[in-house]
Amino acid sequence: MNKTLKIVLIVVGVLIVLVRVAPFLFRVNQFRPTMEDKASAALGRKVEVGNLSLALISGSLSAENLSIGDDPKFSSSPFLTAKSVKVGVEMMPLIFSKTLNVTGVTIDSPQVTLLHNSAGLWNYSSLGGSAAKSRSSSNSPADLSIRKFELNNGSIIVGTTNSQKHNTYDHVDVTASDVSMTSKFPVTVAADLPSGGKFKLDGTVGPIDQSDSSLTPLSAKLNISSLNLASTGFLDPSLGLGGLLDLDSTLESKGGEAETKGTAKLSKALLIAGGSPAGVPLTVDFNTKYNLGKNDGVLEPSTLKIGSAAAHLGGTYESAGEATKVNIKLEGKDMPAKDFEAFLPALGINLPKGASLQSGTLNTDLNIIGPTNRLVTNGTVGVYNTKLVGFDLGSKLSAISMLTGIKTGNDLNIEKLTTDLHMAPDGLKADNFLAVLPPLGNLTGLGTIDSKNNLDFKMVANLANATAAPASAAGGAANGAAGGIGGILTQVKGAAGGCKGGTTTVPFLIHGTASDPKFIPDVGGLAAGMLKSQLGCAGTSAAGTTKTLAQGQNPADALSSLGSLFKKKKP
C-alpha cells in the first residue's frame, strides 16, 4: 500500500469518526435560543423551534417543530406552524468557534393563516416592521441574510377577523434567494387554487418596509389559470354565481401604490341566479392603481370584449371591508348584437327555442355598484335594427293576429328595443320597455325575470294599420268571434279618428320562460279599463256613435266578445 493511499484512508477514517462523534461533541440544542432570538428579532414575532439535530455531511440543523406567532391584534393562534424545518449552516465556524451562520432555510408542509380586519389591514403587515425595530439593539433595522429560502407543500388559509369562513390554498411553494430584510431579492410563488386552478408569481421583492411589510416594493409577473370564483369567496355561491378566471398581468408596487396591468378572461360566466354558463368568454384589458394605505383604487379606462363587441369601463373600488366594493361605469356603442347571443344565458336570458339574433347593434350605459359578491347593475340597454330569426311573434300573439289581420312572418324584425335595466344576483327587472316591431307596431310595458328564469311582464301592444279579419277565414265559432272582433277594432280605429291616432291598443301578459314565453291577452283589471277607454273613445266620437260599431255593439258588448275569444271571464 503506497503512502498516498494510506493518507486518503486516514482522512476518510477521521471524517467518519468526526461525523459519528460530532453530534455528541456539540450539543446543538444550545444554538436553539440563538436561532429563536435572531428569527424573532428579524420578523418582529415570537419564533419557537423544537429539538435540534445536526446532519454534518449536509451541513444542516433540523428542528422538529416551528411556530411563528401572529399579530395579537388579529389572533392569539400562530401565524405559521410546521412539523419540521431544516436550517443550512456553515460547518467550519460551527465546529471550531461554535458560531452559527445560516446559509439556507427549508420549511416543509407549513400552514400559514392570513387574516384581514374590517379596516382592510392584514396580519402579515407587521412582519419585520416596528416590532422588529424595537427588538433591534441598534438604530438600523434588524437583518437576517439567507442564501436560499424554501417553503414546500404549504397551505395558506385566507379569512377575516370577523368571520369563521375561510378559504384554503394548497400545495404552496415559495423559493427565494439572497434573502435580506434590507435589500431586493428574487422570489417565486406557486400554488394550487380551489377546484383545480393554478397561481404563479415570479419577480423581485424588497427591501422589507420597516413600518408595514405590506408596503414592501414588489415587481412581478402574475399568472392565474382556471380560478373558480364560486369557490374562492369572491362571489356568493348560494346565489349560483361563478365562472373561471384566467389572469395574465404585471404587478408593480412601490411607494404605497400598486399598479396592475394585463388581461383577465372570464369563461363560463354566471352572473344571475337561475342563469346558465355563458357560451363565450368575457375578456377585459385592464389597468388599475391601488392605494395600499387607503385600501382603495381606480380602474383606469379599460376595454371589455365579448367576441368582436367592445365596451369601455372605468371607475373606483375599495377593499376596506370584508368584501371589495366597486363603482364601475360600462359604456358600449354600436356593438354587434349577434356577438352577445351566447353570453345572454349568464344574465338569465335565453332566446326562444330555435331563434337566433342576426345583424343589428347594441348600446349600453350601465353602472355596476356594490360588493363583488352581490353586484347590482342599473342603466339602459338598447338593440337596434336586428332580426330574431326563427321566431314568429304573430303565432305567439295569435289572438292579436286574428283581431288585426297582421302577420309577422317566421322572423321578427326589431327596429328598436330599449329598456331601463336593473340587474341583481336574484334576477332582472325591466322598466320603460319599448319595442318597435314593423309591421306590427309598438310593444310597451315592464316586467321581471326571476332567479328561476320565470317571466312576469305586463305589456301593451299598440298595433298600427289593423284590418278586419273575416269570419269566413277564421273557420269556427271562436274564429267567427274573432272576425267580429276584428270588425269592431277596425271600426274603433275609424271611429276614434284623432282619439288614438289610428292605432289599436291590446294589453297582454308574458309568462313562461325566456326560452318558451307564453303570451296571454289581458282583459281584466287595469287592462280592461284601457280597452274600455279606447272603445268608449271611439263610441262617443264625433265621427260616429256606438251604433257604428260592428252590428250595433256598444263597448261593453265588445269586451264581452273579447272575453269569449280569449276564454276569459269578462270583468
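Since we're looking at a predicted model, the values are computed, not measured.

**Q** Give a description of the overall build of the chain that names residues and reports values.
**A** Looking only at helices and strands, the chain has 10 helices and 28 strands in total. Expressed as a percentage of its 571 residues, the buried residues of the chain come to 45%. For the chain, the exposed surface amounts to about 27,900 Å²; the carbon and sulfur share of it is 56%.

**Q** Outline unusual backbone geometry, listing residues and values.
**A** With an omega of -5°, the peptide bond between G206 and P207 qualifies as cis. With phi around 55°, H171 is a residue other than glycine that occupies positive phi space. Residue classification places H171 among the partly exposed positions, given a relative accessible area of 44%. You will see that N453, though not glycine, has its phi angle at about 70°, which is positive. With respect to the element layout, N453 can be found in the loop between β25 (441–450) and β26 (455–464). For N453, a relative accessible area of 10% puts it in the buried group.

**Q** Provide a residue-level description of helix α2 (residues 32–43), including the pertinent values.
**A** In a regular helix each residue adds 1.5 Å, so 12 residues correspond to 16 Å; α2 covers 16 Å between its end C-alpha atoms and thus fits that length. M35, E36, A39, S40, A41 and A42 are the residues of α2 that are buried. A positive phi of about 75° marks G44, the residue just after α2.

**Q** Account for the pattern of salt bridges, with residues named and values stated.
**A** All chains considered together, the criterion is met by 10 salt bridges. Residue R45 is joined to D70 by a salt bridge in which the shortest nitrogen-to-oxygen separation is 3.7 Å. Taken together, the positions of R45 in the loop between α2 and β1 (47–49) and D70 in the loop between β4 (66–68) and β5 (80–82) put the pair 25 residues apart, joining distant regions of the chain. Among the ionic pairs, E150 bridges to K148, the shortest N-O distance being 3.5 Å. K148 gets classed as partly exposed once you look at its relative accessible area, which sits at 44%.

**Q** Could you give an account of the nonpolar core, naming the residues involved and the relevant values?
**A** By size, the foremost hydrophobic cluster in this structure holds 72 residues, and its most contacted members are L66, F79, V85, L304, L313, L330 and F343. Discounting residues that sit within four places of it in the chain, L304 has contacts with L282, T283, V284, A309, A310, A311, L313 and L330. In terms of nonpolar packing, the next biggest core, distinct from the first, is built from 29 residues, I414, L428, L437 and L440 among them.

**Q** Any details on the environment of L412? Residues and values, ideally.
**A** Of note, L412 is situated in strand β23 (residues 412–424). Sequence spacing of L412 and L437 is 25 residues, and the spatial spacing of their C-alpha atoms is 7.5 Å.

**Q** Break down the packing of aromatic side chains for me, with residues and values.
**A** Each aromatic ring pair is described using two quantities: the centre-to-centre distance and the angle formed by the ring planes. Applying the stated rule across the entire model yields four aromatic pairs. Ring geometry for Y290 and Y317: centres 5.9 Å apart, planes at 10°, overall stacked. Within this pair, whereas Y290 is found in strand β16 (residues 282–291), its partner Y317 is found in strand β18 (residues 309–318), the two being separated by 27 residues in sequence. Over the ring of F79 we find R45; its NZ or CZ atom is 5.4 Å from the centre of that ring.

Reading guide: rules and limits
Residues numbered from 1 in each chain as written. Predicted model: local features only at pLDDT ≥ 70, side-chain atom pairs only at ≥ 80, totals over all residues. Heavy atoms only, no water. Helix = DSSP H or I, 4+ residues; strand = E, 2+ residues; numbered from the N terminus. Buried < 20%, exposed > 50% of the residue type's maximum accessible area, 1.4 Å probe, protein only. Areas by Shrake-Rupley, 256 points an atom, 1.4 Å probe, with all protein chains shown as cover. Expected span 1.5 Å × (residues − 1). Salt bridge = Lys/Arg side-chain N within 4 Å of Asp/Glu carboxyl O. Core = buried A, V, L, I, M, F, W, Y, C linked by side-chain atoms within 4.5 Å. Contact = heavy atoms within 4.5 Å. Phe/Tyr/Trp six-rings, centres within 6.5 Å; stacked < 30°, edge-to-face > 60°. Lys NZ or Arg CZ within 6 Å of the ring centre and 35° of its normal.

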